[in-house]
Amino acid sequence: MKKSIFGLLVILSMIAVACGGGSLEGEEVFITGALVGNDAAGFQENFDSFTEETGIIVSFQGSDNFEQEIQIQMESGDTPDIALFPQPGGVVDAAQRGYLISLEDLGVDMDEYRASFSSYIVGLGEVDGAHYGGAHAFNLKSIVWYQPAEFEARGYSVPATWDEMIALADQIVAEGMNPFCFGMESEGASGWLATDWMEDIMLRTGEGTVTYDKWVSHEIPFNDPVVKNAATLLSQIMHTDGYVVGGTDAIVSTYFGNAQDPMFVKDANGNPGCFMHRQASFITSFWPDEVQSQAGVETTVFPFPAMDDGLPKAALGAGDMFAVYSDSDAVKEVVNYMLSPTFFEAAAQRPDNSRIYGHVDFDSSLYSKDITRTLADAITGALAENAFRFDASDLMPPEVGGGSFWKEMMNLAVNGPGYIDEALDNIEKSWP
Amino acid sequence: MKKYSQQEKLLNFGISFLALGAFPLVWFLSQAILFRELTDLISRNMLVVIGLLVGSSFVFLLFSGMERIIKLAPIERRDSLEAKMFAGPSLFMIFLFLFYPAIRTIYLSFKDRYGTSFVGFENYLWSFNDTEMLVTIRNQIIWLVFVVFFTLFFGLIVGWLTDRLNKGEAFFKSIVFMPMAISAVGASAIFKFIYEYRPPPLTQIGILNGIRVSTGEQCYNNRVIDGVVKGYDDASCNRAVGWLQQRDLSNFQIGQSLESASWLDNILVNLPLNTVLLLVIMIWAYTGFAAVVFSAGIKAIPADIMEAGQIDGASELKIFVSIVIPYIKSTIIVVGTYMVITVLKAFDIVYVTTRGDLETNLLAVKMLDEFSKYRNIGRSSTVAVLIFICVIPIIIGNTYREKENSSL
């Protein structure tokens, strides 16, 4: 008798599962994130074909204030199904506090995920052996923007090494112009551009990615000689007379989105305000409209110069990572779709898209702009060689990566090269 | 006073319990459950319509229900019960939305970054040792002193001068008052443009830098003269300055000439220019408010006192200092109190302009930063408690003053 009841229960539950799991038609999945405007519209478009196919309704709500809102939502228990964090640090923090469901628990095929995005990316969302972060779109940071026409007219060649870049800069200064554009004001995040410079230099000095990883995980202190060397080289760019157009004032006061504008303006002698601007791939959307359409043609990029021949060509990047808050079949479907090679197709084809999808099997011919394709190939190439590294300041604890590191870079810019030791000591002290 | 029998007491208690406890609770819960169930059943638009209908009648039905129960009580008890009925809900709301969060914030300020384990006074020690916190506290003090003083000062002057006008008083007062109509965020955006910096050779669109770079023989802010764009790259021209990034005056000639001189010069050279430029926004925004309130106070001064002063040969200044100011002293204190509390809460100006970069932070912004940027609930609560502690003496002082006034 008991057995038959048990058996009946099993059958009943199987029927229930079969009925419940058969169709996800009309299920709703709610995603929030920091994407707004065109990026948000592109993200939502990605789900159009998915909704048609599965019937799962995915709605995305982007907010400028996402990072605060998600904190409040987690505290109050009113979380979305999936949240798209602008940095992996947010995912790791939420996972440590126990708010997230790991991808393993959700039933994502981790081997496939690793194969399609690289184990480095998968490892970014790891907490205590479980993985919480889903990879999404990236941007490439190891690039320097320049105008080939201006270089050709003056007989400059694209620098392949750091020393060549410095030599070129000296030549430009000697000819009465300014080589670099540099502006890092960013409303509460001021200083991140300098941290990007530091990271790019760190990836190319010492033991390259090995030192970089140790630096991120605090296995070497922040005032280690390798880090100091990187800061000294950065200070050389910031503080050498005539290198940066506008000098220190420009560095700390120019909004990063406007920093490249001097390059697009000619003075009375027909010279642009600056020739080189090291900035991530997303900067194109901040350019004046008429320049934006010429991205990749009139204004294009060369890779951040190599510093040590013995090291592989490293690429620095950053990007979003999504985290899962609720466990349901519909959410699982959405997550699997977001990690599939077809996910980013709709957004990639938008003319305003400058974001790069990290999946190795993604068809890069779909990108609307040639420049995006070039950068995407650079990212996937670096990922394959395990030479792609994520923005260090996004991976460090928030007190450092979003606090003292940024702040001390601003102080360094203002105070000059004599401040390097104090800046690094202060950051080291603030590490929790 | 009438003595109640045991039975009457019991009846009274029963009625108060029903009217002020059980009924509102059941009524509130039934509504809450109703809406929770409805959310899944009907469409959003329908829900809004029902919400408007039921929600607007909620309070009405609550009070009429309570009154009906109170009517059961003996007539001499009704008055006190009705008083309780009206005070009760607001007391409950104050407790729920004011006292409970305040107490919980104080409790959290003794906990760690996740709010899980106790850390004692560690957060408070941090707030008085951390360099960034010390700068924030310094800025808050500078804001308090400058903003409160200058708002009162300019407010008094404007209030007094407009009162002396023969005509056009309303016009001038409304011009000075106008910034009050702009939100602090809007005002900050306006001033952000005034202080705007662009790297050369771009045209300076901020008025301060625009003036700076176009003073000089060969200096033009990219003006087109005879078809040629004239820039400001001549060596004789002033450089543009990132105003909100200047932590001291060392970038200016005046700062350089003052360097390493007496202690007074030292203070001047270390004047946090960016903080001062930010607090100017608040002075600009609140002067009009102070002026209008003072002007109303000045209007209330009896004309015969002023005339007596004039007959005695007192100068305008003497009248102002010896008659006007003592007469509107209490108004000045009220406006001052209001300004102190407003400055302690000041948030939007810094949030919109610099977000606290380069030593411009204020406590309210720091509180939010600790919560959302550094994800440290304990420290964030500590900063909130510090602001709260600063406000307490003012509230107490104000209450005592009110008592003194009413006892006169």
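Nothing here was measured: the structure is a model prediction, and the numbers come from that model. (Residues numbered from 1 in each chain as written. Chains lettered and ligands numbered in written order. Predicted model: local features only at pLDDT ≥ 70, side-chain atom pairs only at ≥ 80, totals over all residues.)

Quick one: what's the story with the overall build of chain A, residue by residue and with numbers?
A count of helical and extended segments in chain A gives 21 helices and 12 strands. When its C-alpha atoms are laid out on the principal axes, chain A stretches across 95 × 45 × 40 Å. Relative to its 432 residues, chain A shows a buried fraction of 48%. Put simply, of all contacts in chain A between residues at least 6 apart along the chain, 76% involve residues at least 24 apart. (Helix = DSSP H or I, 4+ residues; strand = E, 2+ residues; numbered from the N terminus. Buried ≥ 20, exposed ≤ 12 C-beta atoms within 10 Å, placed from the backbone. Contact = placed C-beta atoms within 7 Å.)

Go over the packing of helix H7 (residues 184–194) of chain B against helix H11 (residues 273–299) of chain B, please, and point to the residues and values.
A pair of packed helices can be characterised by two numbers: the angle between their axes and the separation between those axes. All names here are of chain B. Interaxial distance between H7 and H11 falls to 10 Å at its minimum, and their mutual angle equals 125°. By the angle class used here, H7 and H11 are oblique. For the pair H7 and H11, the crossing hand works out as right-handed. Each of Ala184, Ala187, Ser188 and Phe191 in H7 lies in contact with H11, whose residues at this interface are Ile281, Trp284 and Ala285. Tallied by class, residues from the contact of H7 with H11 come to 6 nonpolar, 1 polar and no charged. (Axes fitted to C-alpha atoms, helices over the stretch in contact; angles between N-to-C directions. Parallel < 35°, antiparallel > 145°, perpendicular 65-115°, else oblique. Left-handed = near helix turned anticlockwise from the far one by under 90°. Nonpolar A, V, L, I, M, F, W, Y, C, P; charged D, E, K, R; others polar.)

For the domain arrangement of chain B, give the residues involved together with the corresponding values.
Here the domain parsing of chain B yields domain 1 (6–108), domain 2 (131–195 + 248–407) and domain 3 (198–241). Put simply, the middle of domain 1 of chain B and the middle of domain 2 of chain B, counted by C-alpha atoms, are 42 Å apart. (Domains from an automatic or database assignment.)

Please give an account of unusual backbone geometry that cites residues and values.
Residues and elements named next belong to chain B. With an omega of 5°, the peptide bond between Pro200 and Pro201 qualifies as cis. Mapped onto the fold, Pro201 is located in the loop between H7 and helix H8 (207–213). Of note, Arg355 is a non-glycine position whose phi angle comes to about 55°, a positive value. With respect to the helices, strands and loops of the structure, Arg355 is situated in the loop between helix H15 (348–353) and helix H16 (363–373).

Account for the confidence of the model for chain A, with residues named and values stated.
The predicted structure's coordinates, where accompanied by low pLDDT, should not be read in detail. This prediction gives chain A a mean pLDDT of 87; 95% of its residues lie at or above 70. Counting interchain partners and residues more than four positions distant, the pLDDT-below-50 stretch residues 12–21 of chain A has 1 contact. (pLDDT = per-residue confidence, 0-100.)

Which residues make up the pairing of strand E6 (residues 134–140) of chain A, and what are the values?
Residues and elements named next belong to chain A. In terms of burial, E6 is largely enclosed, as 7 of its 7 residues are buried. One ladder, built from 5 bridges, connects E6 with strand E10 (residues 315–324); its direction is antiparallel. Across the sheet, the residue bridging to Phe138 is Gly319, located in E10. (Pairing = 2+ DSSP bridges.)

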